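What follows is each chain in one-letter form.
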Amino acid sequence: MTQNNIRVILILLAVLVLGGVYMYVYKPNTDDKNAIDDEISTLQSRYDELKAQEVHRDEYVALTKEYNEKFDEAIEIFPATLDQEISVMFMKGIEKDQGNLRMDIQTVGLGEEERFYTLGGSNVSVESESDEGEEVVANADGSYECYRATFPISYKGSYEGIKDLIDYIMAYKYRMNVTSLNIAYDVTNNEYNGTITLNAYCVKGGDREADKVTTDVSNGVSNIFLGGSGAAAPASTGSTSNVTANSNDIKITLNNAANDAGDGVVVTLGNEELSYGDNDVATLDIKIEDKDGKKMATVSLNGKDVEMDVNGDSIGIYVDSSERVDSGDKNGLKLNVSNDTDVAVDIKVEGDDSSLPRFSVGSKGGTVRVN
């Protein structure tokens, strides 16, 4: 091999070595350096941005806490669940029987809840130190699911009762809305009936807890055949012959509200007198109970109460009613008796309108005899 050939081979080997060093050493290191420089530049920009925000750190933490509190406050007007127990208690609050304020729920459809929206989010924790050196953590909860349920309700009652129903819904502690309301007037009975459809809402998620339903329902009654307060009325039994216009404990006089002599409903208890003058059906409540070893009766009409001692084993109530004058004559009286004693309530009714009586008995507790 000549000297020139050796020189050419050495030159080629040197070129190959230089090319290998460039391809497998210099270029990868250069690419890594450029990538690191780019990352440093990006991180430096992010660092400068965060550094500038660090000046307002306490302000951001305070705002985050404020917005979280506002969010919690906003969802407080929605319950955490739509349990049927809660819905039933809401419906019970609608019913009223207070003079011209009457609302009786006939049927209720307890709608099944359906999800209609998701309040998306992610768990965020912001930490800082207060002026006293204590750690402050502001948390933003994750997603919340929004549900709604529809409640179709049929009702009957007075016009004031319908307005009170709307007020009750609007003032309820949780957000609801009325989607439809139908009202029909019954001229014969001077009452309104119809249907109303409600939408109820709830927001589930986070650490929200369902309301606890508290009911106060007494279990058991002293007489299974007569039932307790609010039970179905028993058939009239026993005798009320000892109750007359001149021999009674309570006398009720029912006349046309437009009469010139006085109020249409007058309740007389000895020297006490209760009256009601509006042209609609009033409610008289009588509660009989043991107080300090004595039997006492509390008689309530139109927001006024009168107490009377109960002497003997019965209370005689004489009802002196009258015929209706015309179709505009609407007044009357419904009697509710709550009796937790062994005292019997004997009611004698005379002169009432046969086709549209002024007097009626509502809920009964204990022994109640009507003739």
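In what follows, the structure referred to is the one given above.
In this text, all values refer to a predicted model and were calculated from it rather than measured experimentally.

1. Thoughts on the packing of aromatic side chains
Each aromatic ring pair is characterised by the separation of its centres together with the angle its planes make. Scanning the entire structure with this criterion turns up 8 aromatic pairs. Aromatic ring contacts, followed pair by pair, group Phe-90, Tyr-168, Tyr-172 and Tyr-174 into a single cluster. Against the face of Tyr-147 rests Lys-204, its NZ or CZ located 4.5 Å from the ring centre.

2. With respect to the side chain of Arg-324
The topology assignment puts Arg-324 in the loop between strand E15 (314-320) and strand E16 (332-339). A polar side-chain atom of Arg-324 sits 2.7 Å from the main-chain carbonyl oxygen of Asn-331. Here the side chain of Arg-324 touches Leu-356 through a polar contact of 3.0 Å, landing on its backbone oxygen. With near-sequence residues (within four places) excluded, Arg-324 lies in contact with Asp-329, Lys-330, Asn-331, Asp-353, Leu-356, Pro-357 and Arg-358.

3. Quick look at the pairing of strand E12 (residues 281-291)
Along any regular strand, the residues point their side chains to alternate faces of the sheet. As paired elements, E12 and E16 share 8 bridges and run parallel to each other. Opposite Ile-286, over in E16, you have Val-337 as the bridge partner. When E12 meets strand E13 (residues 294-301), the two strands line up antiparallel, connected through 8 bridges. Directly across from Leu-284, in E13, lies its bridge partner Leu-301.

4. As for the sheet that holds strand E10 (residues 265-269)
Read from one edge to the other, the open sheet built from 6 strands follows the order E11-E10-E9-E15-E17-E19, with strand pairing classed as mixed. Each edge of the open sheet is held by one strand with a lone partner, namely strand E11 (272-276) and strand E19 (368-370). The sheet shows a mean angle of 15° between the axes of neighbouring strands, direction not considered. Sheet topology places strand E9 (residues 250-254) next to E10; 4 bridges connect them, and they run antiparallel. Of the residues in E10, the one forming a bridge with Ile-252 is Val-267.

5. Details of the pattern of salt bridges
The final tally for this structure, using the stated rule, is 17 salt bridges. Glu-54 serves as the salt-bridge partner of Arg-57, at 3.8 Å between the closest nitrogen and oxygen. Accessibility expressed as a relative area gives 42% for Glu-54, which makes it partly exposed. One network of salt bridges, with partners in common, ties together Glu-289, Lys-291 and Glu-307.

6. With respect to the state of the cysteines
The tally for this structure, following the rule as stated, stands at 0 disulfides. The thiol of Cys-146 is not disulfide-bonded; the next cysteine sulfur, from Cys-202, is found 8.2 Å away. What makes Cys-146 buried here is its relative accessible area of 8%. Owing to a relative accessible area of 1%, Cys-202 belongs among the buried residues under this scheme.

7. Comments concerning unusual backbone geometry
The phi dihedral of Asp-292 is positive, around 55°, even though this residue is not glycine. Counting through the fold element by element, Asp-292 comes out in the loop between E12 and E13. Despite not being glycine, Asn-302 has its phi angle at roughly 55°, a positive value. Using a relative accessible area of 53% as the deciding quantity, one classes Asn-302 as exposed.

The rules behind each value
Residues numbered from 1 in each chain as written. Predicted model: local features only at pLDDT ≥ 70, side-chain atom pairs only at ≥ 80, totals over all residues. Heavy atoms only, no water. Phe/Tyr/Trp six-rings, centres within 6.5 Å; stacked < 30°, edge-to-face > 60°. Lys NZ or Arg CZ within 6 Å of the ring centre and 35° of its normal. Helix = DSSP H or I, 4+ residues; strand = E, 2+ residues; numbered from the N terminus. Polar contact = N/O pair within 3.5 Å; in protein donor to acceptor, adjacent residues only side chain to side chain. Contact = heavy atoms within 4.5 Å. Pairing = 2+ DSSP bridges. Axes fitted to C-alpha atoms, helices over the stretch in contact; angles between N-to-C directions. Salt bridge = Lys/Arg side-chain N within 4 Å of Asp/Glu carboxyl O. Buried < 20%, exposed > 50% of the residue type's maximum accessible area, 1.4 Å probe, protein only. Disulfide = S-S within 2.5 Å.

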